[in-house]
Amino acid sequence: MSLWEYANPRRFMQLSATALPWIGGLSALCLVVGLVWGFFLTPDDYRQGSTVKIIYLHVPAAFMAINAWVMMLVASLIWLVRRHHVSALAARAAAPVGLTMTAIAMVTGALWGQPMWGTWWVWDPRLTSFLVLMLFYMGYIALWAAIEDSDTAADLTSVMCLVGSVFAFLSRYAVLFWNQGLHQGASLSLDKEENVADVFWLPLVVCIAGFVLLFLSLVLLRTRTEIRARRLKALLLRERMA
Amino acid sequence: MMPDLGKYADSVLGAYGVSLLLLAALVWLSWSRARKLRDELNDVERRAAQARGASENGAEGIDVNG
């Protein structure tokens, strides 16, 4: 069995119909457990007070905002190389989810930054890259909607995705190229010494898992919708011509 | 039950409120569009199947020999 089998819309619809309830259910469970645990059962931070509870939304949302674009990049490359429509539609389906994650990360970041840094916003490398990434998400969605022919739209948005990947990359790694800026370093890292304390780390990991599964379930649902929309358009065209 | 958020209550509750609202809106919009398109597609496919059935019956009824 090859993974490319699921480039076939019918096979994709069959697999996603089976997987979606499970992934959706698991996502809801992880989100509820993670957020309840983080909000109600973790202590305040000695420096940040109760604002540390924002970490359970801000970090998972920022993590998904970047990784949603990476998923779109992979899907776009598959479209450009192999011309699988399911891949292009999956990238289109992911964009609004990624945009929402970016918006959540920026709003929660501002609400956290105001009491901690004394400012809602600062033009440091990470935040600026994130803002540009958000604008790329908006542009990507608008470009898909603006072009009538779906293959042309897929081609142009794929190229846009390649260009925007620079900012997804910079959002994560900007601090390696420029000064640290105001935004703190990694909350999660393979280097355990950089991580937040264990009491915050465990519910944070559960929340991240919840956000990843939520992203997956929404992309599956939305891709199914895009496949149906494409088929509907073809059938309506056939009806008009008959 | 509600933890004491102290002087940062507005920030914390605001962050949770906005985030959960955005997530709920995203899930709701995704699901309702999915349902609407599924119903529309089912209608059009039904019409297409009926049209195919009608044209096949019509073809059977043609007596090419006059």
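Residues numbered from 1 in each chain as written. Chains lettered and ligands numbered in written order. Predicted model: local features only at pLDDT ≥ 70, side-chain atom pairs only at ≥ 80, totals over all residues. Heavy atoms only, no water.

Q: Please provide a residue-by-residue account of the overall build of chain A, values included.
A: Per the secondary structure count, chain A includes six helices and zero strands. Each helix (α) and strand (β) of chain A, taken in turn from the N terminus, gives the series α-α-α-α-α-α. Its C-alpha atoms give chain A a radius of gyration of 20 Å, within 12% of the compact-globule value 18 Å for 242 residues. Across its three principal axes, chain A shows a C-alpha extent of roughly 70 × 35 × 30 Å. Taking contacts inside chain A between residues at least 6 apart in sequence as the whole, the part at least 24 apart equals 77%. Within the structure as shown, chain A displays about 11,900 Å² of accessible surface, and the carbon and sulfur contribution to it stands at 69%. (Helix = DSSP H or I, 4+ residues; strand = E, 2+ residues; numbered from the N terminus. Rg over C-alpha atoms; globule rule 2.2 N^0.38 Å. Contact = heavy atoms within 4.5 Å. Areas by Shrake-Rupley, 256 points an atom, 1.4 Å probe, with all protein chains shown as cover.)

Q: Lay out the packing of helix H2 (residues 55–82) of chain A against helix H6 (residues 198–241) of chain A in plain terms, naming residues and giving numbers.
A: Packed helices, taken two at a time, are described by the angle their axes make and the gap between the axes. All names here are of chain A. Where H2 meets H6, the closest approach of the two axes is 9 Å, and the angle between their N-to-C directions is 40 degrees. Regarding the angle of H2 to H6, the classification is oblique. Between H2 and H6 the crossing geometry is right-handed. Note on element contacts: H6 touches H2 through Val 199, Phe 200, Pro 203, Leu 204, Cys 207, Ile 208, Phe 211, Val 212, Phe 215 and Val 219, opposite Ile 55, Tyr 56, Leu 57, Val 59, Pro 60, Ala 61, Phe 63, Met 64, Ala 68 and Met 71. (Axes fitted to C-alpha atoms, helices over the stretch in contact; angles between N-to-C directions. Parallel < 35°, antiparallel > 145°, perpendicular 65-115°, else oblique. Left-handed = near helix turned anticlockwise from the far one by under 90°.)

Q: A description of the nonpolar core should follow, citing residues and the corresponding values.
A: Core analysis: the largest hydrophobic core is formed by 61 residues, its most contacted members being Tyr56(A), Trp69(A), Met72(A), Met101(A), Tyr137(A), Tyr140(A) and Phe211(A). Mapped onto this core, the elements with two or more residues apiece are helix H1 (9–41), H2, helix H3 (85–117), helix H4 (125–146), helix H5 (150–177) and H6 of chain A together with helix H1 (9–61) of chain B. A total of 15 residues in this core trace back to one element, the largest contributor, which is H2(A). Ignoring any residue separated from it by four or fewer positions in sequence, one finds Met72(A) in contact with Ala91(A), Ala94(A), Ala95(A), Tyr137(A), Tyr140(A) and Cys161(A). (Core = buried A, V, L, I, M, F, W, Y, C linked by side-chain atoms within 4.5 Å. Buried < 20%, exposed > 50% of the residue type's maximum accessible area, 1.4 Å probe, protein only.)

Q: Give a detailed account of the pattern of salt bridges, specifying residues and quantitative values.
A: Per the stated rule, a full pass over the model turns up nine salt bridges over all chains. The residue Arg47(B) makes a salt bridge to Glu239(A) at a minimum N-O spacing of 2.9 Å. With Arg47(B) in helix H1 and Glu239(A) in helix H6, the pair connects residues from two separate chains. Classification of Glu239(A) as partly exposed rests on a relative accessible area of 33%. Sharing partners across several salt bridges, the network here consists of Arg92(A), Glu226(A) and Arg33(B). (Salt bridge = Lys/Arg side-chain N within 4 Å of Asp/Glu carboxyl O.)

Q: Mind laying out H1(A), listing which residues take part and the relevant values?
A: All names here are of chain A. Over its 33 residues, H1 runs 44 Å from end to end, which matches the ideal 48 Å to within 8%, given 1.5 Å per residue. Along H1, the sharpest kink reaches roughly 40 degrees, centred on Ala 19 and followed within four residues by the proline Pro 21. Those residues of H1 that sit buried are Phe 12, Met 13, Ser 16, Leu 20, Ile 23, Ser 27, Cys 30, Leu 31, Gly 34, Leu 35, Gly 38 and Phe 39. Among the residues of H1, the N-terminal cap falls to Asn 8, whose side-chain oxygen and the backbone nitrogen of Arg 10 are separated by 2.8 Å. (Expected span 1.5 Å × (residues − 1). Bend = angle between axes of the 7 residues up to and from the residue. Polar contact = N/O pair within 3.5 Å; in protein donor to acceptor, adjacent residues only side chain to side chain.)

Q: I'd like a rundown of the environment of Gly49(A), residues and numbers included.
A: Residues and elements named next belong to chain A. Relative to the helices and strands, Gly 49 is located in the loop between H1 and H2. Residue Gly 49 is classed as buried on the basis of its relative accessible area of 14%. Taking the C-alpha atoms as reference, Gly 49 lies 9.6 Å from Met 116; in sequence the two are 67 residues apart.

Q: Go over a nonpolar patch on the surface with me, naming the residues and quoting the values.
A: Together, Leu26(A), Leu29(A), Val32(A), Val33(A), Val36(A), Trp37(A), Phe40(A), Leu41(A), Leu202(A), Met1(B), Met2(B) and Leu13(B) make up a nonpolar patch on the protein surface, roughly 1,200 Å² of accessible area in all. With eight residues, H1(A) is the single largest residue contributor to the nonpolar patch. Note on placement: Val36(A) falls in helix H1. (Patch = residues over 30% accessible without salt bridge, like charges linked within 9 Å, V, L, I, M, F, W, Y side chains within 5 Å.)

Q: Please provide a residue-by-residue account of the interface of chain B and chain A, values included.
A: At the junction of the two partners, chain B supplies 30 residues and chain A supplies 37 residues. Across the interface of chain B and chain A, roughly 3,000 Å² is buried in total on both sides, 76% from carbon and sulfur atoms. It is Tyr8(B), Tyr16(B) and Leu26(B) in chain B that bury the most area against chain A; as a group they hold 20% of the surface buried on that side. One can count three salt bridges joining chain B with chain A. Glu226(A) is the salt-bridge partner of Arg33(B), the closest N and O atoms lying 3.2 Å from each other. For the interface between chain B and chain A, the tally reads seven residue pairs in polar contact (both at pLDDT 80 or more). Split by residue class, the side of chain B that touches chain A holds 20 nonpolar, four polar and six charged. (Buried area = accessible area lost by both parts, 1.4 Å probe. Nonpolar A, V, L, I, M, F, W, Y, C, P; charged D, E, K, R; others polar.)

Q: I'd like a rundown of the packing of aromatic side chains, residues and numbers included.
A: Residues and elements named next belong to chain A. In total, this model carries eight aromatic pairs over all chains according to the counting rule given. With 5.0 Å between their ring centres and 80 degrees between their planes, Phe 39 and Phe 40 make a pair best called edge-to-face. Accessibility expressed as a relative area gives 7% for Phe 39, which makes it buried. A relative accessible area of 31% places Phe 40 in the partly exposed class. A connected cluster of aromatic rings, assembled from ring pairs, spans Trp 69, Phe 136, Tyr 137, Tyr 140 and Phe 167. (Phe/Tyr/Trp six-rings, centres within 6.5 Å; stacked < 30°, edge-to-face > 60°.)

Purely geometric stuff here, so don't read any function into it on its own.
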